[in-house]
Structures are given as C-alpha cells and as structure tokens.
Amino acid sequence: MAHKIGFNKPYLTGKETEYIRQAVETRKISGDGKFTKLCHQFFESRFGIKKALLTSSCTDALEMAAILLDLKEGDEVIMPSFTFVSTANAFILRGAHVVFADSESNHPNLDIQKIEALITPRTKAIVVVHYAGVSCDMDAVMKLSEKHGIPVVEDAAQAIDAYYKGKALGSIGSLSAFSFHETKNIMSGEGGLLGINDPRFFNRAEIIREKGTNRSSFFRGEVDKYGWVDIGSSFLPSEITAAFLYAQLENLDEIQKKRVYIWKLYHEMLKPLESKGKVKLPVIPDFGSNNAHMFYLVCKDLDSRSGLIAHLNTHGINAVFHYISLHKSPFYQNKYKGNPLPHSDFYTDTLVRLPLYYELKDEEVKYVAEKVIQFFSA
Ligand SMILES: *Cc1c(COP(=O)(O)O)cnc(C)c1O
C-alpha cells in the first residue's frame, strides 16, 4: 500500500453544507431551531428516548446529568476506571467522589457483579459505559438500581444504534449521554446529546441547558416571562452544528451498514489468529448488538501490543491503544483508595484499535489484517 492508512477519517454524507446553508439563511442560527428539533425527534422516535436534548458535547451532557442528580460534596458515584476522563470529570466538578469499579475479565465493560459491594449510603449514581457500543448487562444494572434506589446514567458516547435485548442503549437508564465527536459513528465535529428517560428531570434539564432560565417554556408560551430560576450553563449547540448532525442522522442506516461490513471483514480475517491463541477478538454478548463503533484486538501483554503498534506503523497503518485506567492517572493516582482493578489495567496495557471508518476500502482492511497476521507469525 503506497499510502498511509489513518485511524479515523470523518465521513461526509454530502448534505451537511446544504443544511448548514439552510440554517444560516433562516437567520435563526442560535440553538433550538428547526434542525435541533429534527435531531431531538430522531432520537426520541427512533431510539425510544423519552426526551432528547442536543448539547455541545457528550462531556456537556454528562455535566448536565451530574447537575440534575443534585450531586453534592461527599456524594459517591460508581463507574468503571476504564473510560474517558469526561465520565469522571463531570461528577468531580460537582464535588462528588468517584468510586472506580473493575472491568469484566472478557470485556472492557464494567463488571456488574462488582458494583454492589461498592454501594454505600452516600452512593448517588451508577454510571455505565457501553464500551465500543457493546451493551453492559442492563437488566442486572437496573435490578441493582431499583433495589438500592440509585439512578443509572448511561455513558452511551460510543453507543448510537446499539441495543440491549432490542432496546436502544441510552433509553434504559434515567439519563444517558451520546457523543458526536468526529471519531464517533455519527458526528458533527463536536457535539452531544442528553437522553432523559425519567420524566422528573424533563423540566429542570431544559432550565439547566438554558443558563438556569425557563426560556424554553417561555418560547412554548407556557409562562409569560422568563427569568433566572436555577443554576445552569450554556449547554446547547448552534443550529449550524444541528444542521450538520441532521445530515448525518438521515444517513444512519447506510453508515452503520458499511461500518458493520468492515467490522465483519476484520473479524473473518483475524479469526484464525484467535484460534491460534495469539490475540482475543471483541466479544459481543447475546443480549447485545454490534454497532461497529470499534474493532479492537486484545494482545497478551504490553510488549506484544507495543510491538504490534510499531509493526503496523512501519507499514503506514495508524493503530492506537485506548484508555489508561483513571485510578492510575496522574490526576487520580494519589487520591485512589480502592482495591486494585486488574482487568482495567489489563485493557490499559493490551487493547489496540484498528482503523475503522466509512471510506476504508476492502483492500485496505485486508492489508491491515494481513499486517497484523504477519506480526504474529514472525
Ligand atoms: C467520546 C467519549 C466521551 C466524550 O465525548 P465528547 O463529545 O468528546 O465530549 C465520553 N465518554 C466516552 C465513553 C467517549 O467515548
């Protein structure tokens, strides 16, 4: 292959600039115009999310979730250590204490069996992350949630169009957060969405998103003036972002079909390596679906992964590792007082992600897979 193969290449459907032009020409370019409403409707009708609100990022949606849950100094939130910093930061910004739990042995997702021992009277939320768009065992999570009266937040940043027993991820927990960062299946450069499934949060979520004002009810004619009623911030994106996003959402099925096709091609070509015990391929449990957000390999150890990444690099392929356990991060390592989290650390050292994007050609997928196989047969 003469050219380099990057890890990600954002895909454009072709409609983005047309919709942005339309948004600009209405001269209603701030948030909550026509395209924002279309995006909200899309998530509500297609995924059964009770109320959807666009935000400027998934990070913003997580921060809104932390405000909605009224987290205070000393409250505790349980979440995996193997996740993106925003999952934790959102709650730490409210003064809450994060309680990290380990991943499963055969999957980077939070091990649900480990949660109950971490629950205390101060636990105010359980945050699950559907890693690679693969569902956590949501029946088990929701059972714990009901038993202890603790709300569940789904970090569904990677989980658009992914399902648990047929139910869309992001429609199950009290609150959920999606990302449209350019590395995600559906993107708007930067962007996010808060999903609200518990109606008690509907009204306050609108207020928090509109700088702590009841501006949204004012525009619906429900109140005759609007003012400052709560804390809040500016979490809503402009119509330009929403217009871009809507062009992507309209093409969701086509984008997903192509990504799943590429994912399966990798899987088929690399299956023999797994049979030989060289690497592990991604596991999709029976209760989950595959939205092809990511194709990753789990190597035996750090040396093997470093070698593989270097080998692929020499051949012009950009493969990348992923999270570093948050409990071992420079910011948190001295604050962490919990037990060791060996599975989270294992994925920190051994997981590698292969290039996966819409425009990746069959021969490129095959080239990447061949170079992976070549490394392990040396
Ligand atoms: C991408 C991602 C985020 C952050 O999304 P932004 O839209 O960039 O804020 C949060 N959590 C997880 C699991 C992610 O993959």
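Refer to the structure printed above.
Residues numbered from 1 in each chain as written. Predicted model: local features only at pLDDT ≥ 70, side-chain atom pairs only at ≥ 80, totals over all residues. Heavy atoms only, no water.

1. Side note on the packing of helix 3 (residues 58–68) against helix 4 (residues 85–92)
1) Next: Helix 4 packs onto helix 3 with a crossing angle of 35° between their chain directions and a minimal axis gap of 8 Å. When the axes of helix 3 and helix 4 are compared, the crossing they make is right-handed. Mapping the contact onto sequence places Thr59, Leu62, Glu63 and Ala66 in helix 3 and Ser86, Thr87, Ala90 and Phe91 in helix 4.
2) Next: Here the contact of helix 3 with helix 4 is composed, by residue class, of four nonpolar, three polar and one charged. (Axes fitted to C-alpha atoms, helices over the stretch in contact; angles between N-to-C directions. Helix = DSSP H or I, 4+ residues; strand = E, 2+ residues; numbered from the N terminus. Left-handed = near helix turned anticlockwise from the far one by under 90°. Contact = heavy atoms within 4.5 Å. Nonpolar A, V, L, I, M, F, W, Y, C, P; charged D, E, K, R; others polar.)

2. Description of the packing of aromatic side chains
1) Next: This model, assessed by the stated rule, comprises 25 aromatic pairs.
2) Next: Joined through ring pairs, the aromatic side chains of Phe82, Phe84, Tyr131, Tyr296, Tyr323, Phe346 and Tyr347 make up one cluster.
3) Next: The ring of Tyr358 carries Lys258 above its face, with NZ or CZ at 5.1 Å from the centroid. (Phe/Tyr/Trp six-rings, centres within 6.5 Å; stacked < 30°, edge-to-face > 60°. Lys NZ or Arg CZ within 6 Å of the ring centre and 35° of its normal.)

3. Thoughts on the sheet that holds strand 4 (residues 123–129)
1) Next: Taken in spatial order, the seven strands of this open sheet run 1-9-8-5-4-2-3, and their pairing is mixed. Whereas interior strands pair on both sides, the edge strands pair on one side only; in this sheet they are strand 1 (51–55) and strand 3 (97–101). On average, each strand axis in the sheet is tilted by 20° relative to the strand beside it, whichever way the strands run.
2) Next: In terms of strand pairing, strand 1 meets strand 9 (residues 192–196) through five bridges, oriented antiparallel. (Pairing = 2+ DSSP bridges.)

4. A word on the site of the ligand
1) Next: Lining the immediate environment of the ligand, one finds 13 residues, of which Thr59, Asp155, Gln158, Ser179 and Lys184 sit closest.
2) Next: In the model, an oxygen atom of the ligand is placed 2.5 Å from a nitrogen or oxygen of the Thr59 side chain.
3) Next: When the free accessible area of the ligand is taken as 390 Å², the share hidden by the protein chains comes to 93%.
4) Next: The residue makeup of the shell around the ligand, split by class, is five nonpolar, six polar and two charged. (Near = heavy atom within 4 Å. Polar contact = N/O pair within 3.5 Å; in protein donor to acceptor, adjacent residues only side chain to side chain. Areas by Shrake-Rupley, 256 points an atom, 1.4 Å probe, with all protein chains shown as cover.)

5. Quick word on the pairing of strand 4
1) Next: Within strand 4, six of the seven residues are buried, leaving the element largely enclosed by the surrounding structure.
2) Next: Strand direction decides the pairing type here: strand 2 (residues 76–80) and strand 4, joined by three bridges, are parallel. Each bridged residue has a counterpart across the sheet, and for Ile78 the counterpart in strand 4 is Ile126.
3) Next: One crossover worth recording links strand 4 to the parallel strand 5 (residues 152–155) by way of helix 5 (residues 138–148), and it is right-handed. (Buried < 20%, exposed > 50% of the residue type's maximum accessible area, 1.4 Å probe, protein only. Right-handed = clockwise from strand over helix to strand, strands pointing away.)

6. Re the nonpolar core
Side chains of nonpolar character tend, in soluble globular proteins, to be buried together.
1) Next: Residues Phe43, Met138, Ile160 and Phe180 are the most contacted members of the largest nonpolar core, which totals 48 residues.
2) Next: Of all elements in the fold, only helix 1 (16–25), helix 2 (34–47), strand 1, strand 3, strand 4, helix 5, helix 8 (239–249) and helix 9 (252–275) reach the threshold of two or more residues within this core.
3) Next: Per-element tally for this core: the top contributor is helix 8, with six residues.
4) Next: Not counting the four nearest positions on each side in its chain, Ile160 is found in contact with Phe43, Phe47, Phe178, Phe180, Asn185, Ile186, Leu249, Leu252, Gln256 and Asn291.
5) Next: Counting residues in hydrophobic clusters, the runner-up holds 35 residues, among them Val77, Ala88, Ala90 and Ala157. (Core = buried A, V, L, I, M, F, W, Y, C linked by side-chain atoms within 4.5 Å.)

7. A word on a positive patch on the surface
1) Next: Together, Lys276, Lys278, Lys280 and Lys300 make up a positively charged patch on the protein surface.
2) Next: Summarising the element assignment, Lys300 is placed in the loop between strand 10 (295–298) and helix 10 (302–314). (Patch = residues over 30% accessible without salt bridge, like charges linked within 9 Å, V, L, I, M, F, W, Y side chains within 5 Å. Salt bridge = Lys/Arg side-chain N within 4 Å of Asp/Glu carboxyl O. Lys, Arg positive; Asp, Glu negative; His and termini not counted. Charge placed at Lys NZ, Arg CZ, Asp CG, Glu CD.)

8. With respect to a nonpolar patch on the surface
1) Next: Side chains of Val24, Ile29 and Ile240 sit close together on the surface and give an oily, nonpolar patch of about 180 Å² of accessible area.
2) Next: Mapped onto the elements of the fold, Ile240 is located in helix 8.

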